[in-house]
Amino acid sequence: MGIAVQITQQTGVGYGPDGDVSPYETEALLEADKLIRDGLPRSSERLTTARRNEAYYQMQNRRYIEKREAESDLDYMQRPKVCSRMTRKAVSTLCRKLYGNPPVRTIEREEELDESLVGYVEEWLLDAYKAAKIDTVLMAADRKAIINDVAAIQIACTGKPKEPVRLYTFGGDEFEVFCPPDDPCNPWGIVTINVQPSGKDRKRRIYTFWTAEKKVVYQTDEMPQSQSSGGEKAQLVSEEPNPYGELPFVFFHNEEPVDGFWGGGIGTALAETNAEVDKTLSDLADQIRIFACPDMFTRNIAASWRYEKKPGRPQRLVSTAAAEAGDMMGAPAEIFYLQPQILVEDTWRHIERLIQATFFDLDVPLNAVRDNGSSPTSGLQVLAEQIPLLDYLKARQRYVAKIETTVAKKILSMAGRFYELYDKIPGFLELVDAVEIDLVWSSPALPVPTPERNAEDQWMLEYLMVSPIEIIMQRRGVTREQAEQIAEQITADVKAWKERNGDTGPIGQGSPVGSAQSQGEIGSIDTSQPPPALNAEGEAENEAADEMTG
């Protein structure tokens with residue numbers, strides 16, 4: 001029995017946003033079932049474009065270089081193909097810093113919440129995050145959203161104590177959603193697309209359709225590996241209830257949606273420019289290959305003449321009959337090469353400008369793609385060039401904080417049903433409804449030249465704009481918890497060193513915080529007087545004070 005028949009038999013079950021069965025929802029489910037069985041024909045164009053965008057990021061764009069008109073298959077195979085990696089460079093630059101130094105996560109403590117329950121849930125959630133590699137998953141979702149508008153994060157409860165949940169990511173080329181007409185940003189159903197190898201050079205697609213009540217699996221017949229989309233019917237394989245009672249997905253958009261689910265990614269624009277760059281580079285490589293060893297041509301030479309290479313000695317050419325008879329007015333014999341001018345520098349300049357214009361239009365601050373002569377000459381210039389990326393990261397952090405709260409709510413909600421925590425832990429349902437994740441991000445480290453950065457850090461410490469812990473976070477690129485551990489280890493190491501070697505110099509006194517100062521200079525040390533002696537209690541002995549009190 002197909003999904004459409006079973007759905008019409010159910011009562012009191014809602015698939016739409018309002019949770020009530022309506023004629024629209026029944027029709028929508030019937031239509032979704034038909035679309036999946038037909039291979040999602042309405043989404044074919046979008047999925048094909050998304051697969052191309054992902055291929056350009058994965059540096060598999062060689063196969064997208066088109067064959068020239070009237071070019072044979074053999075000529076196409078033998079022609080050199082040179083590819084640019086600009087799509088990967090742009091996307092990786094935008095997303096590598098967001099979760100490169102992951103944030104510190106805590107659950108916000110509200111007065112109406114039970115503190116002991118909040119602590120228990122926070123510990124459970126953070127342990128589940130660690131086992132599921134949450135930072136790696138969110139970094140992958142961020143990358144896929146930048147390329148193809150939206151990434152879907154699937155949450156699955158495993159039943160294992162050490163790994164209670166698993167997280168999977170799907171790019172825009174791997175899923176399709178079904179949204180109600182009055183709420184186009186919140187899907188009521190989603191179908192994921194997995195490609196399963198099936199024999200030599202064959203594959204089949206597996207469609208997994210999720211609603212709040214059902215999980216339905218379809219699969220296609222075998223097809224060639226080269227087939228990208230469409231043309232294959234899918235058959236129903238299995239159908240079972242959804243054990244979670246809700247869609248087990250959270251959607252990570254590149255831009256927060258307002259009027260539609262899809263849109264906002266920059267992968268298509270990057271791939272289009274990348275394709276033009278690849279074509280130009282391949283044409284240039286073909287010209288160099290042909291004309292680096294040019295063909296030789298002759299004119300007015302007898303067919304019986306054969307070229308003989310005689311370095312240092314002249315070689316006599318066969319002349320025409322008129323020339324043999326002494327008629328110098330006839331056409332002279334010639335040997336020449338076809339050697340056009342190859343504009344390598346102009347071609348590269350065109351490519352660089354095309355790439356830079358695309359990056360400028362898409363707000364991708366890639367300073368690596370520039371002429372050597374325009375390298376920064378000071379730390380201030382480096383900071384100025386990094387401002388667009390810092391602004392992007394700050395805005396991204398605020399948006400990602402909302403997504404992380406949604407992920408946490410979804411995990412706790414699904415775990416509450418799957419592990420029966422609603423019944424075992426009083427107040428768990430209220431906590432899930434009120435939970436908010438607080439993220440503390442470490443400041444991104446910039447490649448500022450050392451003297452200038454040292455002076456800035458010293459000024460910030462002097463005027464209490466930052467703490468030594470924050471300096472360690474910025475310099476080492478670590479979280480606050482890791483910076484505190486590093487500071488404790490440094491303190492212990494310095495103490496052990498002085499106990500072992502005594503006072504051998506201004507060790508650990510480079511910072512103005514807590515160091516001796518003289519003549520009003522920051523970090524200066526007065527070495528004209530020996531350090532005060534310490535008594536048994538570790539207090540400095542002050543003879544002058546003793547005399548005054550004596």
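Since this is a predicted model, take the numbers as computed values, not measurements. (Residues numbered from 1 in each chain as written. Predicted model: local features only at pLDDT ≥ 70, side-chain atom pairs only at ≥ 80, totals over all residues. Heavy atoms only, no water.)

1. Side note on the overall build of the protein
Counting secondary structure elements, the protein contains 17 helices and 13 strands. Split into buried and exposed, the 550 residues of the protein put 38% on the buried side. Of all intrachain contacts in the protein linking residues separated by at least 6 positions in sequence, the fraction that spans at least 24 positions is 62%. Total accessible area on the protein is roughly 31900 Å²; 52% of this is exposed by carbon and sulfur atoms. (Helix = DSSP H or I, 4+ residues; strand = E, 2+ residues; numbered from the N terminus. Buried < 20%, exposed > 50% of the residue type's maximum accessible area, 1.4 Å probe, protein only. Contact = heavy atoms within 4.5 Å. Areas by Shrake-Rupley, 256 points an atom, 1.4 Å probe, with all protein chains shown as cover.)

2. Considering the sheet that holds strand β3 (residues 165-170)
Spatially, 3 strands are ordered β3-β2-β10 in an open sheet, and the strand pairing comes out antiparallel. Looking at strand neighbours, the two that pair on one side only are β3 and β10 (249-253), the edges of this open sheet. When strand polarity is set aside, the average angle formed by the axes of neighbouring strands in this sheet is 25 degrees. Here strand β2 (residues 150-157) runs beside β10; their pairing, made up of 5 bridges, is antiparallel. (Pairing = 2+ DSSP bridges. Axes fitted to C-alpha atoms, helices over the stretch in contact; angles between N-to-C directions.)

3. Some details on the pattern of salt bridges
Scanning the entire structure with this criterion turns up 23 salt bridges. One salt bridge in this structure joins R46 and E176, with 3.4 Å as the shortest N-O distance. Separated by 130 residues along the polypeptide, R46 in helix α3 (residues 44-57) and E176 in strand β4 (residues 175-178) bring together distant segments of the chain. For the salt bridge of E163 with R166, the shortest nitrogen-to-oxygen distance reads 3.2 Å. The exposure class of R166 is partly exposed, given its relative accessible area of 30%. A single salt-bridge network, built from bridges that share partners, covers R68, K279, D283, D286 and R289. (Salt bridge = Lys/Arg side-chain N within 4 Å of Asp/Glu carboxyl O.)

4. A short note on the pairing of strand β1 (residues 104-107)
Remember that side chains alternate between the two faces of the sheet whenever the strand is regular. Covered by surrounding structure in β1 are R105 and I107 only, the residues V104 and T106 on the alternate face being uncovered. As paired strands, β1 and strand β13 (residues 437-440) are joined by 4 bridges and run antiparallel to one another. Residue pairing for β13: I107 is matched across the bridge by I437.

5. Describing unusual backbone geometry
Unusually for a residue other than glycine, D149 sits at a positive phi of about 75 degrees. Among the structural elements, D149 can be located in the loop between α7 (134-148) and β2. Overall, D149 belongs to the buried group, its relative accessible area being 18%. Although it is not a glycine, L464 sits at a positive phi angle of roughly 55 degrees. Within the fold, L464 resides in the loop between α14 (450-462) and α15 (468-476).

6. Side note on a nonpolar patch on the surface
Side chains of M296, Y307, I335 and Y337 sit close together on the surface and give an oily, nonpolar patch of about 390 Å² of accessible area. Inspection of the secondary structure assignment puts Y337 in strand β12 (residues 334-337). Judged by relative accessible area, Y337 falls into the partly exposed class, the value being 48%. (Patch = residues over 30% accessible without salt bridge, like charges linked within 9 Å, V, L, I, M, F, W, Y side chains within 5 Å.)

7. A short note on the packing of aromatic side chains
A full pass over the atoms with the stated rule returns 16 aromatic pairs. Considering the side-chain rings of F170 and F249, the 6.4 Å spacing of their centres and the 55 degrees angle between planes classify their relative orientation as tilted. With F170 in strand β3 and F249 in strand β10, this residue pair connects regions lying 79 residues apart in the sequence. As far as the burial class goes, F170 and F249 line up, both buried. Here the aromatic rings of F175 and W262 are separated by 5.2 Å at their centres, their planes lie at 35 degrees, and the arrangement is tilted. Of this pair, F175 sits in strand β4 while W262 is found in the loop between β10 and α8 (267-291), placing the two residues 87 residues apart along the sequence. (Phe/Tyr/Trp six-rings, centres within 6.5 Å; stacked < 30°, edge-to-face > 60°.)

8. Details of the packing of α3 against α7
Relative to each other, α3 and α7 sit at 125 degrees, their axes nearing to 9 Å. Put simply, α3 runs oblique to α7. In the crossing of α3 with α7, the sense of the turn from one axis to the other is right-handed. Across the interface between the two elements, A50, N53, E54 and Y57 from α3 touch R143, I147 and N148 from α7. When grouped by side-chain class, the residues that make up the contact of α3 with α7 number 3 nonpolar, 2 polar and 2 charged. (Parallel < 35°, antiparallel > 145°, perpendicular 65-115°, else oblique. Left-handed = near helix turned anticlockwise from the far one by under 90°. Nonpolar A, V, L, I, M, F, W, Y, C, P; charged D, E, K, R; others polar.)

9. What about the side chain of T280?
Structurally, the position occupied by T280 is in helix α8. Classification of T280 by relative accessible area gives buried; the value is 16%.

10. Here's the deal with α3
Spanning 14 residues, α3 covers 20 Å between terminal C-alpha atoms, matching the ideal 20 Å at 1.5 Å per step. Every buried residue of α3 is accounted for by L47, A50, R51, R52, N53, E54, A55, Y56 and Y57. With its phi angle positive at about 60 degrees, M59 sits one or two positions after the end of α3. (Expected span 1.5 Å × (residues − 1).)

11. Points about the packing of α8 against helix α10 (residues 344-361)
Axis separation between α8 and α10 bottoms out at 10 Å; the angle between their running directions is 175 degrees. By the angle class used here, α8 and α10 are roughly antiparallel. In contact with A269, L270, T273, E276, V277, T280, L281, L284 and I288 of α8, α10 contributes V344, T347, W348, H350, I351, L354, I355, T358 and F359. Broken down by class, the residue content of the contact of α8 with α10 amounts to 12 nonpolar, 5 polar and 1 charged.

12. With respect to the environment of Q196
With respect to the element layout, Q196 can be found in strand β5 (residues 189-197). Considering only alpha carbons, one finds Q196 and I206, 10 residues apart in sequence, at a separation of 7.1 Å. Sequence-distant contacts of Q196, that is, excluding residues within four places in its chain, are made with K203, R204 and I206.

13. What about the confidence of the model for the protein?
On average, residues of the protein score 79 in pLDDT, and 77% of them reach the 70 mark or higher. Here residues 1-21 scores under 50 on pLDDT; set against residues more than four positions off or in separate chains, the count is 38 contacts. For residues 511-550, every residue scores under 50 in pLDDT, and the model assigns this stretch 30 contacts once sequence neighbours within four places are set aside. (pLDDT = per-residue confidence, 0-100.)

14. What about the state of the cysteines?
All chains considered together, the criterion is met by 0 disulfides. There is no disulfide at C185, and the cysteine sulfur nearest it, in C179, is 7.4 Å away. (Disulfide = S-S within 2.5 Å.)

15. A few points about the environment of T406
With respect to the helices and strands, T406 occurs in helix α11 (residues 379-418). In this structure the C-alpha to C-alpha distance between T406 and F252, which are 154 residues apart in sequence, comes to 9.9 Å.

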